[in-house]
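# Results of the structural survey
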Amino acid sequence: MHPLLERAKKVMPGGVSSPVRAFLAVGGEPPIVAKARGAEVTDVDGKVYTDLVGSWGPMILGHSHPAVVEAITRAAQEGLSFGATCEREVMLAEAVLCRFPWAEKVRFVSTGTEAVMSAVRLARGATGRSRIVKFEACYHGHADSLLVKGGSGLATLGIPSSAGVPPALAELTEVLPLDDERAADELFAAKGKEIACVIIEPLPANSGLLVQRQEFLEHLRKLTRAHGALLIFDEVISGLRVAMGGMTELTKIEPDIVTLGKIVGGGMPVGAYLAKDTLMTQVAPLGPVYQAGTLSGNPVAMAAGLATLKLLEDRKVYAELDQKGATLQKGFQSALDRHGLPATVARVGSILWLSLQKGPAPRAWHQVETAGAKLYGKLHRNLMREGLWMAPSAFEVAFVSLAHAPEHLERATAAFERALAATVKEG
Ligand SMILES: Cc1ncc(COP(=O)(O)O)c(C=O)c1O
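These numbers come from a predicted model, not from an experiment. (Residues numbered from 1 in each chain as written. Predicted model: local features only at pLDDT ≥ 70, side-chain atom pairs only at ≥ 80, totals over all residues. Heavy atoms only, no water.)

### Focus: empty space enclosed by the protein
Note the threshold: Note on definitions: the grid is 1 Å and covers protein atoms alone; a cavity is a set of points where a 1.4 Å probe fits but cannot get out; a pocket is an open set with protein on both sides within 12 Å along at least five of seven lines; lining residues have an atom within 4 Å of a point. Grid points are joined across faces, edges and corners, and a volume is the space filled by probe spheres set on the points. Lys, Arg, Asp and Glu make up the charged group, whereas Ala, Val, Leu, Ile, Met, Phe, Trp, Tyr, Cys and Pro make up the nonpolar group; the residues left over, Gly among them, are polar.
Tallying each qualifying case throughout the model produces 3 cavities of 30 Å³ or more. Roughly 100 Å³ of volume is contained in the largest cavity. Around the largest cavity, the lining residues are Phe332, Val345, Leu352, Trp353, Leu354, Tyr376, Met390, Ala391, Ala394, Glu396, Val397 and Ala398. Of the residues contributing to the lining of the largest cavity, the split by class is 11 nonpolar, no polar and 1 charged.

This is the structure we're talking about:
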């Protein structure tokens, strides 16, 4: 074991600050990272990897983009934290609301978890109802109410929920299958008056990439409206990633609350929730729904978000990301086909997922064949050896960034091909 990993394990549970980083689902030793630039990550031993994790989504420009680094350096020189409103915060709020024009106010927090937790509290506070609805396989961070049947970290570790979540609280969380209008209708027919909100990743990307039908999302919009419940689009991954205005823009569906994280902070800790004034006036200091944060709206994090959003202003970047994603998808798919593996590379823009099973990529968790995880574990060890860093879980997606030049995509495809060949040979 690497001496640094050994030291890490002595002082941090599993040697990590977030569970998937420990590589338990795939085996093998997680490298300790020294630095990351553009499309590459370098470990402490100097090994360079082509990176398809992108810090789990935020690094849409690639790592250490010079404009972002310059912006945060300047901001840091002017102060690290004020605990008061600053100009960069106002500017980022304006930039965010520009991309979600139906929304009127945004509140910044420090993580996606906090954004979702606060959005759910707002929904409960505004409706005076307690019950919430989420979907199987969607992950919304680790707030107590949402740690029920949620996403790859839990799926790969085989934890259906989490210890420490009071059953009385978990009981207020209803879990529905994705892609199933009838199940949603039945739940609302039985408990519609008690439901504060439905929360969904409009592009579920935490248990594979389970692309939803437009009609299903529209159905949820109608159903929630009809029953006086709110619809929350958790766009912590998809917001600013699949289009400027995320899935809200692509589907043209107007949810009641959108949550953001990851890209909005450009690699620094930022989350946000946004909604119309009628809802946001319920939030303290204007209303009775309390939510606060010492480091919320932190000037350095705001600077990173602002610089990132500025570089995403031109819609052409989304076409470029789509084209890069398509190149990688094609390369990976032909490698899989050449080796005769029944697998589909699912993709939306710059988000890709290897669906290691026959037939079209699934839309709901019960259609996902978890047997593919064993094969992925073997493949992953070979990928890392070949210098391609992909997520250490069969159910996590890959992210392409604007820093992935044609040579990175070629390198990634060649590494994938070699790793696949080795995996097939191992049997
Ligand atoms: C859709 C979604 N919501 C919420 C979160 C939680 O965000 P964070 O890890 O910043 O707390 C995540 C994290 O991956 C996510 O994918």
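The discussion continues.
### Topic: the layout of surface pockets
Roughly 650 Å³ of volume is contained in the second largest pocket. Along the wall of the second largest pocket there are 30 residues; nearest its centre are Thr85, Glu89, Val106, Arg107 and Phe108. Residue composition of the lining of the second largest pocket, grouped by class: 16 nonpolar, 10 polar and 4 charged.

### A look at the sheet that holds strand E9 (residues 257-260)
Whenever strands of a sheet pair, they do so through backbone hydrogen bonds, lying parallel or antiparallel. This is how it is decided: When DSSP finds two or more bridges between a pair of strands, those strands are recorded as paired. Secondary structure elements are defined from DSSP: runs of H or I of at least 4 residues count as helices, runs of E of at least 2 residues count as strands, and each element is numbered from the N terminus. Throughout, an axis means a line fitted to C-alpha atoms (over the contacting stretch in the case of helices), and angles, computed between N-to-C directions, take values from 0 to 180 degrees.
Within the open sheet, the 7 strands sit side by side as E4-E10-E9-E8-E7-E5-E6. Their pairing is mixed. Here the strands that pair on one side only, and so sit at the sheet edges, are strand E4 (105-109) and strand E6 (173-176). Each strand axis lies, on average, 20° off the axis of its neighbour in the sheet, ignoring direction. Bridging between strand E5 (residues 131-135) and strand E7 (residues 195-200) involves 3 bridges; their strand directions are parallel.

### Looking at the environment of Ser207
To keep things clear, this is the line we draw: Polar contact is defined as a pair of N or O atoms within 3.5 Å, subject to the rule that within protein one atom must be able to donate a hydrogen and the other to accept it, and that residues adjacent in sequence are counted only when both atoms are side-chain atoms.
If you trace the backbone, Ser207 turns up in the loop between E7 and helix H8 (214-226). On a C-alpha basis, the gap between Ser207 and Ala394 in space is 8.4 Å, while along the polypeptide they are 187 residues apart. In terms of polar contacts, Ser207 uses its side chain to reach the backbone carbonyl oxygen of Ala137, at 2.7 Å.

Purely geometric numbers; function is a separate question.
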